[in-house]
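Single-letter residue listing:
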Amino acid sequence: MFDTVQVGRKIAELRKQSNMTQFELADKMGISFQAVSNWERGNSMPDISKLPEMAELFNVSIDVIIGKENDILSKVVSGEEPSLGNYSDTEIKDAAMLMKPRQVEKLVDAVDCQPQAINVLLPYLSESYVEDLVDKLYKSGECILGLLPFLSEAKVKYLAFQAFEKGGIQSLAPYLPFMNEADIKTFAEEFLKEDK
């Protein structure tokens, strides 16, 4: 994982070596000086789309700014699609935390539902994308239970209903922690109606 404080220190060091104020760096990059200040204090990280521009301004590589080499990030910045099967979970997470959700979605599309890569990338995906992914996995008979924390309550309710229809009340157990009280009550009432 990237150390945001270390990255911030490096940005501050490179900015000072370039004899720039935070305002000047912000102006050259088309962002607010507060964003630069937050980076330098380690409160946030630059977006991946800003890294090549910053690297060019400071005449260094992206790896110098982020403090370590990340092949996935380098490939994404250069427009390549890396094969995630070749990387550790840590390398995947480190790259994903700097990427925009659409860029992360492209990575997931490229891995074609490899569970290891998807699980690592879930926190960086939009809810709607995860719901589409669940539909695809569900139709192909894949296990979707690990994706439940990333779904809307409405989607969880729908999937719980599908499980209930197929397997009865016992099949609801994995869904319950992700359902609201009203939906659980609805299932309980349905169960009682059937005199079970």
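In case you missed it, the structure is sitting above this.
Residues numbered from 1 in each chain as written. Predicted model: local features only at pLDDT ≥ 70, side-chain atom pairs only at ≥ 80, totals over all residues. Heavy atoms only, no water.

J.: For this particular structure, what's the right way to read helix α12 (residues 181-193)?
T.: Along an α-helix, a turn takes 3.6 residues, which lines up residues three or four apart on a common side. Compared with the 18 Å implied by 1.5 Å per residue over 13 residues, the 18 Å span of α12 between its first and last C-alpha is a close match. Among all positions of α12, only Asp-183, Phe-187 and Phe-191 are buried. The buried residues of α12 occupy an angular sector of 85° when projected down its axis, which confines them to one face. More than 90 degrees from the buried face of α12, the exposed residues found are Glu-181, Ala-182, Lys-185, Leu-192 and Lys-193. Where α12 starts, the residue carrying a side-chain oxygen 3.2 Å from the main-chain nitrogen of Ala-182 turns out to be Asn-180. (Helix = DSSP H or I, 4+ residues; strand = E, 2+ residues; numbered from the N terminus. Expected span 1.5 Å × (residues − 1). Buried < 20%, exposed > 50% of the residue type's maximum accessible area, 1.4 Å probe, protein only. Arc of directions from axis to C-beta. Polar contact = N/O pair within 3.5 Å; in protein donor to acceptor, adjacent residues only side chain to side chain.)

J.: Explanation requested: the environment of Met-45 in the structure shown.
T.: Within the fold, Met-45 resides in the loop between α3 (33-41) and α4 (51-58). Linking Met-45 and Ile-72, residues 27 residues apart in sequence, is a C-alpha distance of 17 Å. Contacts of Met-45, omitting those with residues within four sequence positions, involve Phe-2, Thr-4, Val-7, Trp-39, Met-97 and Leu-98. (Contact = heavy atoms within 4.5 Å.)

J.: Could you clarify how one ought to interpret the packing of aromatic side chains in this entry?
T.: Aromatic ring pairs are reported here in terms of the distance separating the ring centres and the angle at which the planes meet. Considering all chains together, one arrives at one aromatic pair under this definition. Here Phe-23 and Phe-33 contribute two aromatic rings whose centre-to-centre distance is 4.3 Å and whose plane-to-plane angle is 35°, an arrangement assigned as tilted. One end of the pair, Phe-23, is in helix α2 (residues 22-29); the other, Phe-33, is in helix α3, and ten residues separate them in sequence. Phe-23 sits in the exposed class, given a relative accessible area of 53%. Residue class for Phe-33 comes out partly exposed when judged on its relative accessible area of 31%. (Phe/Tyr/Trp six-rings, centres within 6.5 Å; stacked < 30°, edge-to-face > 60°.)

J.: Could you clarify how one ought to interpret the side chain of Ser-152 in this entry?
T.: Secondary-structure assignment places Ser-152 in the loop between α10 (127-139) and α11 (153-167). Within polar-contact distance, the side chain of Ser-152 engages the side chain of Glu-131 at 2.6 Å. The contacts of Ser-152, once residues within four sequence positions are left out, are Glu-127 and Glu-131.

J.: Would you explain the pattern of salt bridges in this entry?
T.: A side chain with one charge can pair with a side chain of the opposite charge if their charged atoms come near. Evaluated as defined, the whole model comprises seven salt bridges. Arg-15 serves as the salt-bridge partner of Glu-40, at 2.5 Å between the closest nitrogen and oxygen. Taken together, the positions of Glu-40 in helix α3 and Arg-15 in helix α1 (residues 4-17) put the pair 25 residues apart, joining distant regions of the chain. Residue classification places Glu-40 among the buried residues on the basis of a relative accessible area of 12%. Overall, the relative accessible area of 9% leaves Arg-15 in the buried class. A salt bridge links Asp-94 to Lys-68; the shortest N-O distance between them is 2.7 Å. A residue pair is termed long-range when its members are at least 10 positions apart, and Asp-94 in helix α7 (residues 89-96) and Lys-68 in the loop between α5 (62-66) and α6 (71-77) qualify at 26 residues. (Salt bridge = Lys/Arg side-chain N within 4 Å of Asp/Glu carboxyl O.)

J.: Explain the packing of α2 against α3 to me, please; I cannot follow it from the model alone.
T.: Each pair of packed helices gets described by two things: the angle between the helix axes and the distance between those axes. Running from N to C, α2 and α3 cross one another at 115°; their axes reach a closest spacing of 8 Å. For α2 against α3, the interelement crossing comes out right-handed. Only Phe-33, Val-36, Ser-37, Trp-39 and Glu-40 of α3 make contact with α2, whose side of the interface consists of Gln-22, Phe-23, Leu-25, Ala-26 and Met-29. Residues that form the contact of α2 with α3 fall into these classes: seven nonpolar, two polar and one charged. (Axes fitted to C-alpha atoms, helices over the stretch in contact; angles between N-to-C directions. Left-handed = near helix turned anticlockwise from the far one by under 90°. Nonpolar A, V, L, I, M, F, W, Y, C, P; charged D, E, K, R; others polar.)

J.: Explanation requested: α1 in the structure shown.
T.: An ideal rise of 1.5 Å per residue puts 20 Å on 14 residues; α1 measures up with 20 Å between its terminal C-alpha atoms. Taken as a whole, α1 has its buried residues at Val-7, Gly-8, Ile-11, Ala-12, Leu-14 and Arg-15. An end-on view of α1 places all buried positions within 165° of arc, on one side of the element. Exposed residues lying more than 90 degrees from the buried face of α1 are Arg-9, Lys-16 and Gln-17. Turning to α1, the residues buried within the fold contact α2, α3, α4 and α5. At the exit of α1 stands Asn-19, carrying a positive phi of roughly 55°.

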